[in-house]
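Structural features, examined
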Amino acid sequence: MSLEEPDPTDAVPAATSADAMEALVSEHVLSRDDHLNAPGYVVRPDAVQDTLSTLRTEAGLDHLSCVTAQEYEDRYESIYHLKSYDDPTHEASVVVPTPKDDPRSQTAEPVFRTADWHEREAYDLVGIEYEDHPDPRRILLPETWQGHPLSLNYDQERPQIVPLSEHANPLQDDQRGDEGETMFLNIGPHHPATHGVLHLKTTLDGEQVVDVDPDIGYLHRCEEQICQNGTYRYQIMPYPDRWDYISAGLLNEWAYARAIEDMAEIEVPEYAQVIRTLGAELCRIAAHMLAIGTFALDVYGDFTAIFMYAVRDREKVQNILEDLTGQRLMFNYFRLGGVVWDLPEPREDFFETIRDFLDDLPQALEEYHDLISQNEILQVRTVDTGVLPPEVAKSYGATGPVARGSGIDYDLRRDDPYGYYDELDWDVVTDDGCDNYSRLFVRLRELEESAKIIEQCVDLLEDWPEDNRTIQSNVPRTIRPEDDAEIYRAVEGAKGELGIYLRSDGTEKPARFKIRSPCFSNLQTLPEMSNGEYIPDLVASLGSLDIVLGEVDR
Amino acid sequence: MKASWVLLQNGNATGNATNATAGGVARPPSAPLADSIAGMLGLDGVVGAIVGGLIGAFIIANVMMATTAVAGPWAKRKITAAFTDRIAVNRVGPFGLLIIVADAVRLLSKELIVPDGVDRPAWDIAPIVIPFSALLGFAVIPFGSGLQLADPETGLVFAFAAASIASLGVVMAGYASNNKYSLLGGLRAIASNIAYEIPLIVTAASVVIFAGTLQMSEIVAVQQQTLIEIGGVAIPQWFAFVNPFAFALFILANLAEIGRNPFDIPEAPTEIVAGFQTEYSSVYFVLLYLGEFIHIFLGGALAAALFLGGPSGPVLPGFVWFYIKMWAFFLFTQWARSAVPRLRVDQFLDAGWKGMLVLSFANLVLTAILVGVIV
């Protein structure tokens, strides 16, 4: 694997062992509650900001990847999953218990901007309140929702009918303020450029964006709760396909597979790992193709050539994935300990199809570069628009091509290896432009890297010994991880770090299943990129973030 | 609408008479098509002018609307599909041509939704103003083979004036729709029309300097002379050959004028939904859509008459050549739509005011100097 050694000069302050980190924040730590992936420090609700900022500056944990909230019989708990952008295996969890009768906790928003939305979600679904939170509203459910659905005493039978007068009416009568020249504009939930049901509450000054407030939750399908009601072994795996449904299904499945396999200590045969890697990279190509096509759609303005070309090439990948998994959209191909079936027969034909696709890809990419990245008008439109400086991107927990387009060299496939990636030869693509163009360009070049990985996988699979093709290890029919085990594991999805937090309670179903969606964090950066720019740039920035509302809202 | 035709023709007749006496040049008939229709019917005088004018207008308007009907639901799809490796409509009738009928029925049978709070008379009039302003422009277009409804001394100015009325319709549509996207689209349309109409007309003025007349038939006639002879083949003095720079400017400004990529700022789907036409449905939408396409063809007709020698061309009859040239321009707009990204609104206006305007005036001044030196 061709990664460079970390540069010693920009190494983080070296307090990386669990005890050293504990010493840094010892005044706040009440006890240890270690998770399978990281040490967990239990702190008081009023010491959240202190602890997090100390860990951030002294221990280099500059990435708040997720905030998990949950309710126990005797307490509420917020877990801040911290990582380092330089080394994602350097992790820590900050556990903040709050009493049942008064679930109040200090907000982490001043330390990590990304905590804003994550804590709103925790309040919305679980019911923990965050003191001094700048915007303590619900985020996924309507403002008028009664109760917190993931809390233990939530009454599912309770009717959610509230008087019409209490609903915030998006179609209010014409209102004019006394001062100012701004105009309020609802962009979405039905708008050609919102890529789904996203609602942007936009304030305009002429054509320029003064403020934009994304309103999400239109596609909330209680995926976390659905998964909490399913058994580890079979019933959860179909659902990840439905988070990022833009052909990134296998990447999502891998996120769950990785978390539960690490938790239940399930081995995956090497042969299955290669197949997984192959399938996942095919999915990444398909997802990036669509991202590029729709971005071009946003900038070009119509269903024009580049969109059609991208969809045409994506179709080839879809056909290969269909051969492999039997499905085009909801693959459900991974199983705990491997994959559901072997490569399709005759194998030679399957490899031939993939090789044909890979052979044609450079020419197709050439065409994309001609039409997109080398087009002068597109460059005028995208260079230096939607600028996201790396520090801001880190503070918002941006990952994936969005982070790499801001020059953050962060890719879990390399930095926190799983599957077969560390055996293969490929590179992480980054670009220092920080603008819409960089994010597009990173995706275009990642297609090449994915193609490299696929090619090596095909080579490996072709020569794989006939007698060693185990596609699944021996996994018990019922999986009951040890009681109160907790784990947070992430994989590099098409849009970034897709993480799963699991807590077991000794049964065959998870007690808490939390999804860390990369789009959720990435979308948060939209106001940073768009305020002060023109509407067309807002649309282009949104396109360059490549969000999927299925994954944002879950 | 029809009444104004008559007035127009009467006005032209007198205008022409004075000119003929003043200039002492033999002028073609003021209304060739109307006159020949009147002649065929054996009518003359005022009755002949009225009946001939009405029938002529009827024919031209119908030809153009039929052209648009082919272009909108069928040709546009086929052309875009060819650019994007698709097949497009091919199920209804030969080459899918009957989709035109099917689409017409579909569009006309849709519910006409009148949103709450629209400014009623303006909202209703806008879809009429936009297509008919473009149709008005065709009154002076010399299709060749005697197919020209009216040929006033000020033909070119009339065509631009008529086409510009569309801006009024766009403002009415955008402002009366009670929709912020429509409003933004209307504002953008006005900004773009002002920014690009000046270069458009100034560039056309350079042709007028060459030709020495505003009369469309004369502009076409001047272009029939031979510019240069290469190996026995006479290259005619089309202004696109004489001044390719002006031709490029004119085509670009024309693209902006009709709101097509890379200048489809007023509609800008994916940004402001559909701009000024967001709230229109059913018949009103058809009228707006029709208006846009007639404008494209009017743009093509002006480009053909001013720069491409009008109806001139070998073998085929003149009006066929003219028609082909109009369609070539349409094809060009669809090509641009398929391949070129849209500019941002501020960049678009920058290009208009700082680029096109300067270049078009430079062209005008240079042309004037050249013509002054040579002639």
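Residues numbered from 1 in each chain as written. Chains lettered and ligands numbered in written order. Predicted model: local features only at pLDDT ≥ 70, side-chain atom pairs only at ≥ 80, totals over all residues. Heavy atoms only, no water.

We now examine the side chain of T202 of chain A. All names here are of chain A. Looking at the secondary structure, you find T202 in strand β9 (residues 199-205). Within the local environment of T202, its side chain forms a polar contact with the backbone oxygen of L200, the two atoms lying 3.2 Å apart. When neighbours within four sequence positions are excluded, T202 is seen to be in contact with M183, F184, L185, I187, V209, D211, V212 and L538. (Helix = DSSP H or I, 4+ residues; strand = E, 2+ residues; numbered from the N terminus. Polar contact = N/O pair within 3.5 Å; in protein donor to acceptor, adjacent residues only side chain to side chain. Contact = heavy atoms within 4.5 Å.)

For the rest of this paragraph, the subject is the interface of chain B and chain A. With 28 residues of chain B at the interface, the matching set in chain A holds 36 residues. At the boundary of chain B with chain A, total buried surface from both sides reaches about 2600 Å², with 60% on carbon and sulfur atoms. Per-residue buried area on chain B facing chain A is highest for T270, P341 and R344 of chain B; these three make up 24% of the total on that side. Seen at the junction of chain B and chain A, the total is 4 salt bridges. Two residues, E271 of chain B and R381 of chain A, come together in a salt bridge whose shortest N-O distance is 3.9 Å. (Buried area = accessible area lost by both parts, 1.4 Å probe. Salt bridge = Lys/Arg side-chain N within 4 Å of Asp/Glu carboxyl O.)

A separate point is the packing of aromatic side chains. Residue and element names in this part refer to chain A. Taken as a whole, this structure holds 33 aromatic pairs over all chains when the rule is applied. The interplanar angle of 75° and the centroid separation of 5.7 Å between the aromatic rings of W254 and F334 together place this pair among those described as edge-to-face. With W254 in helix α5 (residues 249-263) and F334 in strand β11 (residues 334-335), this residue pair connects regions lying 80 residues apart in the sequence. With relative accessibility at 3%, the residue W254 sits in the buried group. Given the relative accessible area of 1%, F334 is considered buried. For the pair Y256 and F513, a centre-to-centre distance of 5.8 Å together with 45° between the ring planes defines the contact as tilted. Within this pair, whereas Y256 is found in helix α5, its partner F513 is found in strand β15 (residues 510-516), the two being separated by 257 residues in sequence. (Phe/Tyr/Trp six-rings, centres within 6.5 Å; stacked < 30°, edge-to-face > 60°. Buried < 20%, exposed > 50% of the residue type's maximum accessible area, 1.4 Å probe, protein only.)

With 87 residues, the main nonpolar core has I275, L278, Y368, L502 and F513 of chain A as its most contacted residues. Formed by 73 residues, the second largest nonpolar core is a distinct cluster that contains V43, L150 and L542 of chain A together with Y181 of chain B. (Core = buried A, V, L, I, M, F, W, Y, C linked by side-chain atoms within 4.5 Å.)

Before going further, it helps to examine the packing of helix α3 (residues 45-83) of chain B against helix α11 (residues 282-307) of chain B. All names here are of chain B. Two elements in contact, α3 and α11, have axes whose closest approach is 9 Å; the angle formed by their N-to-C orientations is 105°. Classified by the angle their axes make, α3 and α11 are roughly perpendicular. In this structure, α3 contributes M64, M65, T67, T68, A71, G72 and K76 to the contact, and α11 contributes Y289, L290, F293, I294 and F297. (Axes fitted to C-alpha atoms, helices over the stretch in contact; angles between N-to-C directions. Parallel < 35°, antiparallel > 145°, perpendicular 65-115°, else oblique.)

A word on the domain arrangement of chain A. Note on interface size: it is often stated as the accessible area lost on association of the parts. All names here are of chain A. Here chain A is partitioned into domain 1 (14-131) and domain 2 (223-338 + 345-464 + 476-553). Domain 1 and domain 2 are separated by 27 Å when their C-alpha centres are compared. Counting the surface lost from both domain 1 and domain 2, the interface buries some 2800 Å², and carbon and sulfur atoms represent 52% of this. Run the count over domain 1 and domain 2 and you get 5 salt bridges. Residue E497 pairs with K83 through a salt bridge whose shortest N-O separation is 3.1 Å. The interface formed by domain 1 and domain 2 holds 21 residue pairs in polar contact (both at pLDDT 80 or more) in total. (Domains from an automatic or database assignment.)

All right, on to the pattern of salt bridges then. Residues and elements named next belong to chain A. Summed over the entire model, instances satisfying the criterion amount to 58 salt bridges over all chains. Notably, a salt bridge pairs R104 with E129, separated by 3.7 Å at the nearest N-O pair. In this pair, R104 is assigned in strand β6 (residues 104-106) and E129 in strand β7 (residues 129-131), connecting sequence segments 25 residues apart. With relative accessibility at 36%, the residue R104 sits in the partly exposed group. Here E129 falls in the partly exposed class, since its relative accessible area comes to 35%. Notably, a salt bridge pairs E261 with R276, separated by 2.7 Å at the nearest N-O pair. A residue pair is termed long-range when its members are at least 10 positions apart, and E261 in helix α5 and R276 in helix α6 (residues 270-300) qualify at 15 residues. By relative accessible area, which is 6% here, E261 ends up buried. Each of E281, R284, R404, D411, R413, E446 and E492 takes part in one network of salt bridges that share partners.

This part is about unusual backbone geometry. All names here are of chain A. The omega torsion across E345 and P346 is -10°, close enough to zero to call that bond cis. Relative to the assigned elements, P346 resides in the loop between β12 (338-339) and α8 (347-373). The residue N332 is not glycine, and still its phi comes out positive at about 50°. By the secondary structure assignment, N332 is in the loop between α7 (305-325) and β11.

A separate point is the layout of surface pockets. Residue and element names in this part refer to chain B. In this structure, the second largest pocket spans a volume of roughly 1300 Å³. Surrounding the second largest pocket, 44 residues form its lining, G72, K76, F285, Y289 and F293 being those nearest its centre. The set of elements that each furnish at least two residues to the lining of the second largest pocket consists of α3, α4 (99-108) and α11. Looking at the lining of the second largest pocket element by element, the count peaks at 9 residues for α11. Of the residues in the lining of the second largest pocket, the class split is 22 nonpolar, 10 polar and 12 charged. (1 Å grid on protein atoms, 1.4 Å probe; cavity = no way out; pocket = protein on both sides within 12 Å on 5 of 7 lines; lining within 4 Å. Points joined across faces, edges and corners; volume = space filled by probe spheres on them. Nonpolar A, V, L, I, M, F, W, Y, C, P; charged D, E, K, R; others polar.)

Another point: the environment of G45 of chain B. Positionally, G45 of chain B belongs in helix α3. When the C-alpha positions of G45 of chain B and D35 of chain B are compared, they lie 9.9 Å apart, and in sequence the two are 10 residues distant.

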